[in-house]
Amino acid sequence: MPEPAHPFEARVRSTLAEHARLPVDVETLQVYDDLFQAGMTSHASVNVMLALEEEFDIEFPEEMLQKSTFESIEAICTSIASLSAIGDPV
Amino acid sequence: MTALPGAPDSPHAPLGALTDPLSEAQATPPACRVGVDLAALSDVQAGLDAHGERYLQRVFTPHELDCCRTPSGWSLQSLAARYAAKEATIKVLQPSGYQPDWNSMEVRRQPDGSCALVLSGTAAAMAEEAGITSLSLSMTHEGAYAAAVVFALCGSPPDAALSLPGGLTPGLLEFAALNERKKADA
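Residues numbered from 1 in each chain as written. Chains lettered and ligands numbered in written order. Predicted model: local features only at pLDDT ≥ 70, side-chain atom pairs only at ≥ 80, totals over all residues.

A. Structural view of the overall build of chain A. Regarding its fold elements, chain A presents three helices and zero strands. Helices and strands appear in chain A in the N-to-C order α-α-α. When each of the 90 residues of chain A is scored for burial, the buried share is 30%. (Helix = DSSP H or I, 4+ residues; strand = E, 2+ residues; numbered from the N terminus. Buried ≥ 20, exposed ≤ 12 C-beta atoms within 10 Å, placed from the backbone.)

B. Examining the overall build of chain B more closely. Check the secondary structure of chain B and you find seven helices and seven strands. Beginning at the N terminus, the succession of helices and strands in chain B can be written as α-β-α-α-β-β-α-β-β-α-β-β-α-α. A buried classification covers 38% of the 186 residues belonging to chain B.

C. Quick look at the nonpolar core. Residue and element names in this part refer to chain B. By size, the foremost hydrophobic cluster in this structure holds 58 residues, and its most contacted members are Ala 80, Ala 84, Ala 85, Leu 117, Leu 137 and Val 150. For this core, the element with the most residues is helix 4 (residues 76-93), which contributes 11 residues. Non-local contacts of Ala 80, meaning those with residues more than four positions away in its chain, are made with Ala 39, Leu 41, Val 44, His 141 and Ala 146. (Core = buried A, V, L, I, M, F, W, Y, C linked by C-beta atoms within 7 Å. Contact = placed C-beta atoms within 7 Å.)

D. Seen up close, the sheet that holds strand 1 (residues 31-40) of chain B. All names here are of chain B. One open sheet accounts for three strands, arranged 1-7-6; its pairing is antiparallel. Of all the strands in the sheet, the pair left with one neighbour each is strand 1 and strand 6 (132-142). Between one strand axis and the next, the sheet turns through 15° on average, direction left out of account. Summarising the sheet, strand 1 and strand 7 (residues 145-154) pair through 10 bridges and their orientation is antiparallel. When the bridges of strand 7 are listed, Gly 35 appears paired with Val 150. (Pairing = 2+ DSSP bridges. Axes fitted to C-alpha atoms, helices over the stretch in contact; angles between N-to-C directions.)

E. Up close: the interface of chain A and chain B. On the side of chain B, 18 residues touch chain A, which itself brings 15 residues to the contact. The biggest single contributor to the side of chain A that touches chain B is helix 2 (residues 42-56) of chain A, with seven residues. Class assignment of the residues belonging to the side of chain A that touches chain B gives a composition of six nonpolar, six polar and three charged. (Nonpolar A, V, L, I, M, F, W, Y, C, P; charged D, E, K, R; others polar.)

Read these as layout, nothing more, since geometry by itself doesn't imply function.
Right, here's the structure in full:
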């Protein structure tokens, strides 16, 4: 199996597998595949958001509450990276 | 034959003048928006199971939680209907960027048992920007799903909206009252 392109990818996939309630195997999805097209409901995306917050010890601010933040594995990884960067000590 | 006061041929009303606010509203109907959403009870159950109190606090207001609490636990139907109402409201607000926080859209139970929408914070700001002057809400649930429809009037002052047929709803009153409070606070 190839290495994940993003350092968070494996943990994001694991979170999606547990909380996104997708009708397809998360491992079959490409990083740019649309998760809502794949069957994730808006409510399931809320559960994913809460799970990601717990997994990565972050909090999604209101400004990031939009479909595009959670629409793909890549988008989620990018969002987490931006939030984690904010939390890094300078 | 005696003409009724206000009738077109009555001496009390100038010919051709439409002073009835209902007629004026019908002559220039305000723009409207509608949003609908369907929520699965199983998604609510999944949120409760996985995140418990954090899920409840993040998505629902204290008043909503009071309304959804039963002696035997949480009413999934009531929670799902309220979630659907929030999503339907987001569709009405049509945010160009991020969506408002769920807690800024509250389903407020009225004394007569009906429910109305009360917006605050970002949701209220988005409604104001969109020119929304009144909101009306309807919710339902059946089996494994709950649904909500939100109807909004845009571009008319609340007083005019209240004079429209069927416009005297708790949702309109709440929103008009909110607007009045905002004006008073300004």
